[in-house]
Structure formats: C-alpha cells, structure tokens
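Each chain, letter by letter, is given below.
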Amino acid sequence: MIQSRSLQLRPHRVAADQLGVFRWGRLGDRVVLTNDAGEWQLLSAADFATFLAGELGPEHPAFEALRSRGFLRQDLDAEDLARKLRRKRRYLGAGPHLIVLITTLRCNQSCAYCHASRTDMHRTDTDMSLETAKLAVDHAMRSPSPYLCFEYQGGEPTVNMEVIKFCVEYSREKNRHEKKTLDHSVVTNMTYMTEENARWLVDNGVLVCTSLDGPPEVHDHNRAWSGKGAAAFETVTRWMDWFNQAYIDKGLDPALWHVDALMTTTRRSMENGKAIVDLYVQRGIRNVHLRPLNPFGFATKTWRAIGYSMEEWLAFYEEMLDYIIELNLQGVQIMEGTAATFLKKLLTPDDPNFVDIRSPVGSGTGQICYGFDGSIFPSDEGRMVHGMGDPIFRLGHLRDTSFEEATRHPTVRAIATASLLDALPQCESCWNAPFCGVRPLHNYMMSGDLFGQRPLTPKCKQHMSMVSMLLERLANDTDGRVEAIFRRWTMDRPRSPDANA
Amino acid sequence: MSSESSAAELQIFDFVSDGRSVRLRLDEGLYPLDAIRGAAYLFLDRCFVRLERLEDRLVDVTLKSKGPTDDEALGALAGEFCNALLDQAVRVQVAASSGKIREYIMARAFFSAPAQSSIDQLLAELDAEELAADDLEIQVPWEQGGA
C-alpha cells in the first residue's frame, strides 16, 4: 500500500565564515572534530551546535583548544597547520622501506588460517635461488628511502636459511656505499629452528618475530604441526626463551632485544582472550597485537570453523582492550599493537608509517614484496592474491622490471588512488580520515573492486570502531591515568639498527 | 517535495513508502547534489539506492530496504536519511567556505617544503618542545619506572 508521510527536522545553523577546516562525526552523545593536521577535539552535541552557529565564545572551556587547533577561523595559523600536516605525511615520496622477501613457500606447519602462502616440504621448486635473492637486494636498495627493513617471510623462511644469510651479508656489503640504515627481520614459526641458525641470527643482529597464538589449547589448535614429538607451542616458547637468553648473554638490552610475537585471532582465540593476554604478560612480551583474520581465500567450511563477523571481533577486541588497560592500571606493562598505532596518530605529532594504515596505503609506495621466483608485488597481500591464481597485482619480474618501473607501475598508481582518503567517497568527509587507512587489495578480494564501498567494507567499521573506543576512553578519563598509559604506548625505543653491520 | 521555512527553522520532508521502499523528492536548490549523493552513499549497506533526476533541479531518491520493510522501519529509514542529508549539507557548506584555506594549507605543506635539513631541524625543535615537560613520566622506560 502506498503511503505519503512527512517529517519535520531542524537543521543546524551554520556560520561557515567563522569556522576552520575540519571534519566531524558523532561518538555516542559527543561529537569529535578532526583536521588534516591530526588535531582533534571532543564536544558535547549542544556545544557542537553552538560552535557551528559561530556562538561559542572565549569564555567556553573548549574555545582555546578549538582556536589553537585550527577549528575556528579566528587566528587560524595556516602555516602551523601546514607544518604539522607535512610532518604527519612525511612518508610521502620517501619510497618503500618495508622489503618483504619470500625465501620459500615450503612450510612444516599447516595452520588453519594460512591459505595461499605455503607448499609442502618436498616442494623445493618453491625456494628462492641465490641469483634471485641477489637481484632482489639490488632492486630493493634502489629505493630512495634512507631506512630499509628486510623482512624474510614464507612459507617458513628459515627452511631456506642460505638465502637469508646471503641477503643479510650482501645488503650490508652493498650498504658500505649506499649508507642507508638497514634492519633485517625474520618471521618464523620457530618449529624449523636449529641452534646453528639461531646462533647465526643472534650473532648477525637479525630481529626475530614469531607467531604465538596463545596457550597450548589455542596455539596448537590454530597451528597444526606434526613435529618431532613436541607440540608447536612447547617448541615455540622454548626457542623464544633460547633467543631471549642469548641476547642477554650477548650483553644486549633485553627490553629492546627480545623475540617479538604476533597472534592471529580465530574463533578459538576469542574463547580464550584473557588467557592469551596473560600468556604474553607471563612471558614478558610487552606488545600483544590483536588482529582479525583476513576473511578471504578460505573454503566456506574452514571459515565456518574458525571465522567470525567483524561485529563479533570488535566485541572481543573491546573486551580485551579494557582488560589490557586494567592490567596497566595495576602496574602490568603490556600494550595492544593496533591501538598503539592509532594512538601515535592521535597523541603525537608524527605518523608511525604503518604501511597498512596510512593514506595512501603503503602497497608499492611504502613496501614492496619479492616472490620466491623473482616476481614483484606491491605487498605481501598482492603476492597472496597471486598465489590464489589471480595475477592482477604482479608488477613484473626482477629480470626485466626496474625498481622505478615497479614502483611507478600503473597498478601501484591505481592502489594509491584507491586509498587516498582525501578523494574517496565518505572518507573525504569522515572524522577518522587523519588516522585511518583503507586497503584496496582487501576491497578487491571482498568485492572485486579496488575502491570498494565504505559502508560495505569491514575494515572501515574496524578502524572507525577502534579509534572510537580509544577516544571514548580518553574522554572518560577523569584522572588522566588512562591517557598516561596510552601515551606510554606511543613511545618507541628503537634498537640500534644494523648493530652488526 | 521538501521545503524550508527559514535557514534554521523546521524543514519539512515529504516521502512516499510502498511497503518495500521509500521515495523522497529533493530540490537541489535546497540540498546540493553533493550532499544528496553523500547521504545516499552512507546507506549502501542497508539499502539499494536509486537517484533519478526528474526535471531540472529535482532529484528523486529511492531507498529500497535490504532489511525490515514494515511501516515503522521504512519511516525510520526516511528519517535517518533526512538527518544524514542535513548533515551532509552542512559538510558541503563548510567545505565550500573553507576550501581555499585547505588548498593553501595543502600547497604550503607539500609544494613549498623547506630543504631536508630544515625539516630535521624543525622536528628536533618540535620534539624538544613537546617532550620537555614529562609530568606523567611518559619517557621513562617501562623497566625503569611504574606504569
């Protein structure tokens, strides 16, 4: 039945000529204002209406903050905002700094969520050759970035330790002339580690990052391994202890030199959240990085067993965030990794240049990935899409594609265009734009479109919800204790890079 | 059609629902097309959206719900859309008013950057300013102080 109805709504009164350059959005009963320089301010809904009408005067407690942060036209210091914006986007034009090398696709584990990145151990044809490794290092060191982090991934990268050793030594040799700052990091499951390789990694200052999904009932469930009489959890933690002791024996500061760990959240993880955080605390790991699964590439049956909706994940995340804050209030030192990334954007004048959460996204402009066979990709995600049979993100091959050709490739340009928040529908006016980043490759896998549609994009909901949670906790922080904890999470104490170069 | 009694007074939105979708007729003289498009975009997860220009400056917006289609739900959908439209109209107004300033800031930030040495100097100065006071002992490493 056709019905005609009417609505009556009262619009805002707007004194546009009294307002600065800003975006805004609603957080519960508050309104958050942000600008390109990364400044932000919370107002009540009533105060926001007064602000828009140009009637919020100097006597108001928020007036000075609004004025000094550039939200008001009065005394607006465009030069100051430009300086802050330039600092926030310092990564623009700097070139890729994250260099991902896939030393092999072979892996001795069969993790529930690893879907396009591995082959069985007999597949030696998926090892990177020394010739390809040399081409990759030569290629990567053409990057204009003064800092490079070589990240060795797989498969299980230590299965092809010869290539890791070669790349570390060859890049350092080349760097005598290049004079860049180099880091080397191996992302290993630890179950293929030998004392000889471990000793070499420690002696050569290669950072070690492993996967620790939680206590045995979680880790061994997520990361199936038919090892030599031991479960994966026991092996991983034994090697973590070995490395950490080796750093101490070498006289290195254990607060800076220790094995970092990453976890991937499955449905089983969500049932054991506090136990996971407690394990990290117990093992002295100061950063637990709660990451949702990438919901693509799975068989439906697998996803049903381990997957979840973004809403479920966000509920889990919020509960864990509060638990971690509570532990901090009790004096325990642990932070949540993605929260720390956003807090650096919210509370410091810099941007952490985390390649997945920036504008434009780092694929091809902040990172580059070399496949085992010499194929070049804008990111590890691009390589995974290729592994699933879709070559759309392959930029070329080390034999015939220069660094300049790869990083200026039309595909890289398309990814940059599709992730420039200033030009994307909804993002360009979103309050979270100064702190957010979209993932075109993720959009492509979800919808077949690099740009995606924000209301249908889980990453949009994820990032906006996470920053909202942080702002709400700052807004409700009456005694400043939570802000002190959050500010502590933003402090980086870098290891001296390339200590053994 | 929508009408406006005055800039800050009640605005009236007429809409038609047919048990599956709602349709609003909007005057571009009151609501810029960018605001209509901006509001429509926000509803892509909940609706199939159709924009149709019937005649000069007159746009029909049809929201076909992907969820509940009872009268109450469709009425709420229309209400939320109108709120979003008013919100988007303000954004368009503010963006138009401050657009030149934003362009100037962008130009100063990216097209007249000082030499690298000046950037380094600037960063050092900003660091010194911002980190000078440390009442909360933020800079004290975890292992050397309490949380």
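Residues numbered from 1 in each chain as written. Chains lettered and ligands numbered in written order. Predicted model: local features only at pLDDT ≥ 70, side-chain atom pairs only at ≥ 80, totals over all residues.

*Asks:* Could you clarify how one ought to interpret the overall build of chain A in this entry?
*Replies:* In terms of regular secondary structure, chain A is built from 19 helices and 17 strands. At 24 Å, chain A has a C-alpha radius of gyration in line with the 23 Å of a compact globule built from 501 residues. With respect to the three principal axes, the spread of C-alpha positions in chain A is 70 × 65 × 50 Å. In chain A, once contacts between residues fewer than 6 apart in sequence are set aside, the share between residues at least 24 apart is 69%. (Helix = DSSP H or I, 4+ residues; strand = E, 2+ residues; numbered from the N terminus. Rg over C-alpha atoms; globule rule 2.2 N^0.38 Å. Contact = placed C-beta atoms within 7 Å.)

*Asks:* What exactly am I supposed to notice about the overall build of chain B here?
*Replies:* Along the backbone of chain B there are three helices and five strands. Counting from the amino terminus, chain B carries its helices and strands in the arrangement β-β-β-α-β-β-α-α. Within chain B, the fraction of its 147 residues that count as buried is 20%. Long-range pairs, those at least 24 residues apart, make up 56% of the contacts in chain B between residues at least 6 apart in sequence. (Buried ≥ 20, exposed ≤ 12 C-beta atoms within 10 Å, placed from the backbone.)

*Asks:* Would you explain the environment of Val94(B) in this entry?
*Replies:* Summarising the element assignment, Val94(B) is placed in helix α2 (residues 71-110). On the basis of neighbour counts, which here come to 20 C-beta atoms within 10 Å, the residue Val94(B) falls in the buried class.

*Asks:* Could you clarify how one ought to interpret the nonpolar core in this entry?
*Replies:* A general feature of soluble globular proteins is that nonpolar side chains tend to end up buried together. Within the largest apolar cluster, 117 residues are counted, with the highest numbers of intra-cluster contacts made by Leu33(A), Ile99(A), Leu101(A), Cys167(A), Phe342(A) and Leu470(A). It is helix α12 (residues 310-329) of chain A that provides the largest number of residues to this core, a total of six residues. Excluding residues that lie within four positions of it along the chain, Ile99(A) makes contacts with Ala140(A), Leu148(A), Cys149(A), Phe150(A), Glu151(A) and Ile368(A). Counting 21 residues, the second-largest nonpolar core is a separate cluster that includes Phe13(B), Leu24(B), Ala35(B) and Ala78(B). (Core = buried A, V, L, I, M, F, W, Y, C linked by C-beta atoms within 7 Å.)

*Asks:* Sorry, what's going on with the sheet that holds strand β3 (residues 30-34) of chain A here?
*Replies:* The pairing of strands in a sheet comes from backbone hydrogen bonds and takes either a parallel or an antiparallel form. Residues and elements named next belong to chain A. Ordered in space as β2-β3-β4, the three strands form an open sheet in which the pairing is antiparallel. A strand with exactly one partner marks an edge of an open sheet, and here the two such strands are β2 (23-27) and β4 (40-44). Here the strands of the sheet are splayed against their neighbours by 25 degrees on average, with no regard to which way each runs. Pairing geometry for β3 and β4, over five bridges, is antiparallel. Looking across to β4, one finds that Leu33 is bridged to Gln41. Strands β3 and β4 of the sheet are contacted by helix α1 (residues 45-52), whose axis makes an angle of about 110 degrees with β4. (Pairing = 2+ DSSP bridges. Axes fitted to C-alpha atoms, helices over the stretch in contact; angles between N-to-C directions.)

*Asks:* It is not clear to me how the pairing of β2(A) should be interpreted in this structure. Could you clarify?
*Replies:* The side chains of a regular strand alternate, residue by residue, between the two faces of the sheet. All names here are of chain A. For β2 and β3, the ladder comprises five bridges, and the chain directions are antiparallel. Within β3, the residue paired with Arg26 across the bridge is Val31. The turn joining β2 and β3, which pair antiparallel and follow one another in sequence, is formed by two residues; a positive phi near 60 degrees is taken by Gly28.

*Asks:* Would you explain the sheet that holds strand β15 (residues 367-370) of chain A in this entry?
*Replies:* Residues and elements named next belong to chain A. A sheet is described by the order of its strands in space; here nine strands give the open sequence β13-β11-β9-β8-β7-β5-β15-β16-β17, paired in mixed fashion. The two strands at the open ends of the sheet, each matched to only one other strand, are β13 (290-291) and β17 (396-397). Across four bridges, strand β5 (residues 98-102) lies against β15 in parallel orientation. Note that in β15 the partner of Leu101 across the bridge is Tyr370. Strand contacts of helix α14 (residues 380-387): β5, β7 (147-153), β15 and β16 (375-377), with the helix running at about 125 degrees to β16, the strand carrying the most contacts.

*Asks:* It is not clear to me how unusual backbone geometry should be interpreted in this structure. Could you clarify?
*Replies:* The omega angle of the peptide bond from Gly154(A) to Gly155(A) is 20 degrees, so this bond is cis rather than trans. Looking at where Gly155(A) falls in the secondary structure, it is placed in the loop between β7 and α5 (161-178). Of note, the bond from Ser359(A) into Pro360(A) is cis; its omega dihedral lies within 30 degrees of zero at -5 degrees. Among the secondary structure elements, Pro360(A) is positioned in the loop between α13 (337-347) and β15. Its identity as a non-glycine residue notwithstanding, Asp75(A) has a phi of 60 degrees, on the positive side. Here Asp75(A) is to be found in the loop between α2 (63-68) and α3 (78-88). For Arg57(B), which is not glycine, the phi torsion reads 70 degrees and is therefore positive. Note that Arg57(B) resides in the loop between β4 (47-55) and β5 (58-65).

*Asks:* I would appreciate a short explanation of the packing of α13(A) against helix α18 (residues 458-475) of chain A in the present structure.
*Replies:* Packed helix pairs are specified by the crossing angle of their axes together with the interaxial distance, meaning the distance between the axes. Residues and elements named next belong to chain A. For the pair α13 and α18, the least separation of the axes is 10 Å and the interaxial angle reads 65 degrees. Judged on the interaxial angle alone, α18 and α13 are roughly perpendicular. Along this stretch, α13 crosses α18, giving a crossing that reads as right-handed. Of the residues in α18, those in contact with Thr338, Ala339, Phe342, Leu343 and Leu346 of α13 are Met466, Val467 and Leu470. Class assignment for the residues of the contact of α13 with α18 results in seven nonpolar, one polar and no charged. (Parallel < 35°, antiparallel > 145°, perpendicular 65-115°, else oblique. Left-handed = near helix turned anticlockwise from the far one by under 90°. Nonpolar A, V, L, I, M, F, W, Y, C, P; charged D, E, K, R; others polar.)

*Asks:* Help me understand the environment of Leu76(A) in this model?
*Replies:* Residues and elements named next belong to chain A. With respect to the element layout, Leu76 can be found in the loop between α2 and α3. Assessed through the 19 C-beta atoms surrounding it within 10 Å, Leu76 is described here as partly exposed. Residues Leu76 and Glu404, 328 residues apart in the sequence, show an inter-C-alpha distance of 40 Å. Discounting residues that sit within four places of it in the chain, Leu76 has contacts with Gly20 and Gly70.

*Asks:* What is the right way to read the interface of chain A and chain B from this model?
*Replies:* Often, the extent of an interface is quoted as the loss of accessible area on bringing the components together. Taken together, the contacts link 47 residues of chain A with 49 residues of chain B. Among the secondary structure elements, those contributing two or more residues to the side of chain A that touches chain B are β1 (3-9), α3 and α19 (481-489) of chain A. At eight residues, the largest contribution of residues to the side of chain A that touches chain B is made by α3(A). Among the residues making up the side of chain A that touches chain B, the classes are represented as 22 nonpolar, 12 polar and 13 charged. The pairing of β1(A) with strand β2 (residues 11-17) of chain B spans seven bridges and is classified as antiparallel. The residue of β2(B) that forms the bridge with Ser4(A) is Val16(B).

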